[in-house]
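Coordinates in review
If you want the building blocks of each chain, they are given just below.
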Amino acid sequence: MSVRLYYDDPALLAFDGIVTACEPDPDGRGHRVALDRSAFYPTSGGQPHDLGHLRVDGHVLPVSDVVADERDEVWHVVAEPIEVGRQVVGEIDRGRRHDFRQQHTGQHILSAAFDYLLEARTESVHLGLEACTLDLHREVSAEECRRAEDYANFVVFGNRRVSIRFADADTLVDEPRLRKQTGRTGMVRLIDIEDHDLSACGGTHVHSTGEVGMIVVRATERFRGGTRVTFLCGRRALESYRDLRDAVDASARALSVAATDVPDAIAKLRDDLKQEQRRARELADRLVTLEAASLEARVDPAGVLVAHLPDADAQGVRQAASQLVSTPGRLVALLGGPSPHALVIARSADREADAGALVRQVCAAHGGKGGGRPDLAQAGGVVVTVDQLRSFLG
Ligand SMILES: [Zn+2]
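With distances of 2.0 to 2.2 Å, the protein atoms coordinating the zinc ion are His-104 (NE2), His-108 (NE2), Cys-201 (SG) and His-205 (NE2). Coordination at the zinc ion is tetrahedral, judged from the 4 donor atoms that bind it and the angles of 98 to 122° they form at the metal. Spacing between the donor residues of the zinc ion along their common chain follows H-x3-H-x92-C-x3-H. Note that His-108 is positioned in helix H1 (residues 94-118) and Cys-201 in the loop between strand E14 (197-200) and strand E15 (215-223), a separation of 93 residues in sequence. The same class applies to His-108 as to Cys-201, namely buried.

Below you can see the structure in the form of structure tokens.
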């Protein structure tokens with residue numbers, strides 16, 4: 001079984017080892033290689049695997065995945081096979097390892113802060129390439145969350161020691177500092193954050209809390225009766241701060257206000273817009289009323305009117321048609337806007353005609369979709385001229 005070098009030294013980024021097994025990768029990604037010892041972290045405990053490469057006599061093979069099987073063997077997935085017994089040099093991707101050491105240790109610190117201050121237990125953890133989350137067993141308020149965040153950063157600023165030790169699981173049953181009982185048996189690896197947290201964990205961590213850098217809670221949401229907390233540590237917190245700063249600064253420039261005044265400025269803009277929209281609607285209604293009045297003169301002696309209102313939308317033509325058929329004896333067909341048009345056909349209460357049937361006939365011949373009642377019907381997307389429309393009205 002491969003000796004896991006990161007257990008004792010998570011800062012180790014280069015090592016040598018001997019190939020103990022090599023076989024085709026079961027997922028068809030080339031081959032997988034086991035070594036007598038390895039510093040590569042395999043995907044486990046909610047933390048993704050390391051990347052890097054294996055070097056064989058100057059030949060470099062990138063490692064695309066690292067997995068632990070059910071027997072606890074660590075497999076390195078590479079494109080080409082390597083002979084059993086060959087010596088290899090392994091090199092770990094420094095940036096990715098450092099990032100996950102920061103996120104992982106930050107998670108211990110933050111989980112312990114929630115636990116210690118608020119008795120909110122961490123049920124599960126996900127350390128992703130984009131986002132890291134921890135799920136608390138109960139709901140926490142924004143104020144509680146802020147307190148835990150403050151306390152976690154207090155622990156960071158104190159630059160406390162993070163040490164690794166091993167203990168027999170049986171001796172841990174009565175260990176009061178252990179945050180969560182481990183279900184494991186035999187030897188257990190413990191991560192001890194000075195005066196803050198003791199957890200059983202096989203992951204990669206930093207040596208002192210200052211290395212984690214800032215811990216920030218980016219979002220919280222209700223999740224399975226508790227709270228899912230999205231957090232960022234170290235380099236990720238810095239990058240997130242920059243993204244947010246750039247977005248807020250750009251918004252502030254666009255609004256010509258100070259960055260801290262952006263929310264108020266947006267609220268004011270929204271109110272102004274609502275008021276302007278209301279005013280625009282009122283003006284449009286008034287225009288339609290005037291246009292409908294001007295159409296009165298074009299109603300023929302049989303009470304029929306067909307017309308196009310180029311500036312009216314569906315609501316406008318409907319309103320104009322309703323106004324025109326308030327006079328008895330009328331049958332009115334109006335087109336609105338540019339082609340394809342909005343269409344409304346309406347009749348006065350005393351007139352024999354089925355507006356719904358007429359609209360369906362027009363649509364069947366000239367496209368568009370619509371329908372309605374015998375006294376008023378409408379359609380959209382109709383491609384028809386005023387003269388063509390008139391022919392439907394007899
Ligand atoms: Zn851990």
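Attention now goes to the sheet that holds E15. An order of E10-E11-E16-E15 is seen for the 4 strands of this open sheet, with the pairing classed as antiparallel. Lying at the two open borders of the sheet, with one neighbouring strand each, are strand E10 (122-127) and E15. Along the sheet, successive strands turn relative to each other by an average axial angle of 20°, direction set aside. In this sheet, strand E16 (residues 226-233) lies alongside E15 in antiparallel orientation, the contact comprising 8 bridges. Residue pairing across strands places Thr-220 opposite Val-229, the latter belonging to E16.

A few words on the pattern of salt bridges. All told, the structure shown has 26 salt bridges when counted by the stated rule. In this structure, the salt-bridge partner of Glu-91 is Arg-55, at a minimum N-O distance of 2.9 Å. Placement of Glu-91 in strand E9 (residues 87-92) and of Arg-55 in strand E5 (residues 52-56) is noted, with a sequence separation of 36 residues between them. The exposure class assigned to Glu-91 is partly exposed, which follows from its relative accessible area of 24%. The closest approach of N and O atoms between Arg-330 and Glu-296, which form a salt bridge, is 2.8 Å. Here Arg-330 is found in the loop between helix H5 (314-324) and strand E18 (331-336), whereas its partner Glu-296 is found in the loop between helix H4 (262-295) and strand E17 (304-309), with 34 residues between them in sequence. By relative accessible area, which is 11% here, Arg-330 ends up buried.

Reading the values: the criteria
Residues numbered from 1 in each chain as written. Predicted model: local features only at pLDDT ≥ 70, side-chain atom pairs only at ≥ 80, totals over all residues. Heavy atoms only, no water. Donors = N, O, S within 2.8 Å, 3.2 Å for Na, K, Ca; no water. Tetrahedral: all angles 85-135°; square planar, octahedral: opposite > 155°, others 65-115°. Helix = DSSP H or I, 4+ residues; strand = E, 2+ residues; numbered from the N terminus. Buried < 20%, exposed > 50% of the residue type's maximum accessible area, 1.4 Å probe, protein only. Pairing = 2+ DSSP bridges. Axes fitted to C-alpha atoms, helices over the stretch in contact; angles between N-to-C directions. Salt bridge = Lys/Arg side-chain N within 4 Å of Asp/Glu carboxyl O.

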